[in-house]
Structures are given as structure tokens and as C-alpha cells.
Amino acid sequence: MKKEKFLSNTIVVIIGALICCFLWGSAFPFIKIGYKLLAIEASDTASQLLFGGIRFFIAGILTVILGSIMQRKILVPKGREISETIKLSMFQTIGQYILFYIGLAHTSGVRASIVEGTNVFVAIFVAGIIFKQEKITVKKIIGSIIGFAGVILINVSGNSMGQGNVLSGDLLVFLSTVCYALSSVMLKNYSKKTNPVLLSGYQFIFGGLVMTLIGLIFKGRFPNINLAGMMVLVYLAFVSAIAYSLWGILLKYNPISKVAVIGFMNPVFGVILSTILLKEGTGFGLAAVISLLLICIGIIIVNIEKKKEAAH
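Residues numbered from 1 in each chain as written. Predicted model: local features only at pLDDT ≥ 70, side-chain atom pairs only at ≥ 80, totals over all residues. Heavy atoms only, no water.

So what exactly am I meant to see when it comes to helix H3 (residues 45-71) here?
Because each turn of an α-helix spans 3.6 residues, side chains separated by three or four positions in sequence point in the same direction. When the terminal C-alpha atoms of H3 are compared, their 38 Å separation across 27 residues agrees well with the 39 Å that a helix rising 1.5 Å per residue should span. Arginine 72 sits one or two positions beyond H3 and adopts a positive phi of about 60°. (Helix = DSSP H or I, 4+ residues; strand = E, 2+ residues; numbered from the N terminus. Expected span 1.5 Å × (residues − 1).)

Mind showing me how you'd approach a nonpolar patch on the surface here?
A surface patch of nonpolar side chains, about 650 Å² in accessible area, is lined by Phe57, Ile61, Ile65, Leu66, Ile69, Met70 and Leu209. In terms of residues, the nonpolar patch owes the most to one element, H3, which gives 6 residues. Here isoleucine 61 shows up in helix H3. (Patch = residues over 30% accessible without salt bridge, like charges linked within 9 Å, V, L, I, M, F, W, Y side chains within 5 Å. Areas by Shrake-Rupley, 256 points an atom, 1.4 Å probe, with all protein chains shown as cover. Salt bridge = Lys/Arg side-chain N within 4 Å of Asp/Glu carboxyl O.)

Which parts of the structure should I look at to understand the packing of aromatic side chains?
Any aromatic ring pair is given by two values, namely how distant the centres are and how the planes are angled relative to each other. Under the definition given, this model contains 10 aromatic pairs. On the numbers, 5.4 Å between centres and 80° between planes, the contact of phenylalanine 22 with phenylalanine 269 is edge-to-face. With phenylalanine 22 in helix H2 (residues 10-37) and phenylalanine 269 in helix H12 (residues 265-278), this pair connects stretches of sequence that are 247 residues apart. Judged by its relative accessible area of 39%, phenylalanine 22 is partly exposed. According to the relative accessible area criterion, phenylalanine 269 is buried, its value standing at 19%. Aromatic side chains phenylalanine 51 and phenylalanine 222 sit 6.4 Å apart centroid to centroid with 70° between the ring planes, which places their arrangement in the edge-to-face category. In this pair, phenylalanine 51 is assigned in helix H3 and phenylalanine 222 in the loop between helix H9 (196-217) and helix H10 (227-253), connecting sequence segments 171 residues apart. Look at phenylalanine 51 and you get buried, because its relative accessible area is 0%. (Phe/Tyr/Trp six-rings, centres within 6.5 Å; stacked < 30°, edge-to-face > 60°. Buried < 20%, exposed > 50% of the residue type's maximum accessible area, 1.4 Å probe, protein only.)

Got a minute to help me understand the layout of surface pockets in this structure?
Over the atoms rolls a probe the size of a water molecule, and its path tells where empty space is left. Put simply, the largest pocket is a space of about 350 Å³. In this structure, the largest pocket is lined by 15 residues; those nearest its centre are Met70, Gln71, Val197, Ser245 and Ile249. Elements with a minimum of two residues in the lining of the largest pocket: H3, H9 and H10. For the lining of the largest pocket, the leading source of residues is H10, giving 7 residues. (1 Å grid on protein atoms, 1.4 Å probe; cavity = no way out; pocket = protein on both sides within 12 Å on 5 of 7 lines; lining within 4 Å. Points joined across faces, edges and corners; volume = space filled by probe spheres on them.)

Here you go:
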């Protein structure tokens, strides 16, 4: 009971979710940096899938090891957990990231960040309307719109959206957010009876293997293998292992809307880091402050509502 109360505390949820968002936001530029270091071309889909597959397989191993240490026992899925892991992986890793990796290669990090910002709307819509996990209210909608306005502003203020293809880039990134929303609902449902860290680890291992095999079958390769490229790959595996496991734990003890709305910070971190590391935009100045203010207001509106509902 103490653990549940702690993990449902609004401050704890915000801090934990922000850590996830920073890590995920850093993935935008680091994926593109990894492509460049390993000489993977934008048109080389097979090599991109191989890159993603190895990343997630390593992430799964790291997650299981960390989870086993925390639980003081080796985490191994059994019975129902095996089928849950496979189903979750089909959306969370295989579906979401095949679409995301291919889409990101055909658009800029800034454009991908803003498209990815719609995942909050999609997640709340899927949880509330399709699966009836929680009630969609006017305040949730208003809070989400205000938060998304902040995401729009910080992208536009960068003065450069970068080059990209709407269908092969932006649309695929958007479809990856739909897979993310479905996986969030599934993870919340499954974690009622199954350890979310176990689910995270083994769905990464399964999804990583599938993506790696697809990449190899279609002759994916790393034309320029080097230490720097491998270090980026390991860092991205670390991002997935830590961020998704923590996100899963937060979803287990909180309504999806309460956690998902903080996801607006994900593309903000992505834009800022893409600007710094990839030089895809210019400085933001006052616009960044206003953007963050809008996002914070949106987060507060959604979470104030949850407090009222809890009191009621």
C-alpha cells in the first residue's frame, strides 16, 4: 500500500515521467547520429531495422538483469505472461519502432518531435473511448490542447522544420504513436497481474530478435562499424531499458491520462537536443520559456482534475 501511494503521488509521477521524457527525447538525435556514424543511409531500411533490433535486444537483456536484481530473483515469463509479452511486443517494439525508425530516416528530428507530440492525444483517446479505462473530460481535452500548443510553439520558434517527406516520414512517425497508445493500454492491463519490468524486458528481447532477423534477411548491415557507433547503440539500449520500465511502473499505479500528459515534454526535449546536437534549428529564447509554461499549465490542469476525482 505504501508503494502504491508513493508511486501515485503527483510529484513522484511528474519527476519519474520527466526522466523518461528526457531519455526518450535524446533518442531523436542519437538515432540519427548512430545512422551517420555507422554509415546507414536514409533509404537503407534493412540496416535501420537491424540497428533497432540490436538496440532493443540489448535493452531487453539490461531490463531483465536490472529487474532480477531489484526483485532478488531471476525474472522469467510463465504461462499467461508469455502470450502477454508477445502481444505487447507486436505493438510496443515491432510495430512502433519499425514505423518510427523508417519514418525518422525520412524526416528531420524537429519534425519527428512535433508529430510524436500527438501521442498524448492518441493515448488518452484510445484509453478513454476505445477501451473505456477512464473518463475523457473537458479539462483533460483542454489541458492536452494547451500542452500541445507548447509543443507546436517550440518547434515553430526554431525557425527551421528541416527537410522531410510527409508520407514516408511524418505519416509513419504518426502511425508509430498509434502503436504506442495501444501498447500503453495493454501494458496497464497486463501489469495488474504481471510485473511491468518483466513485461518490458521480454517484449524488448522478443521484438529485438524479430527486428534483427528481418534486417538480416533483407541484407541489413553496418557499413562502417566503429566504437563510437557501438557506444551510441548501447546508449539507446540504456534509454529504452530505463525509460520504458519506469514508464510501465508509473502506468501500473496511475491513470493513463495522468502519466501520458507529461509526455508532451518528450518532443520538447527532442527538439532542444536535436537543435544542439544536429544543428537542425536555431536558439529559442523567450519562445522556449512560453512553450514550457504552456506545457506545464496543461499538465497541471489534467492533474488537478485527478485530485478532485480522487477526493470525490
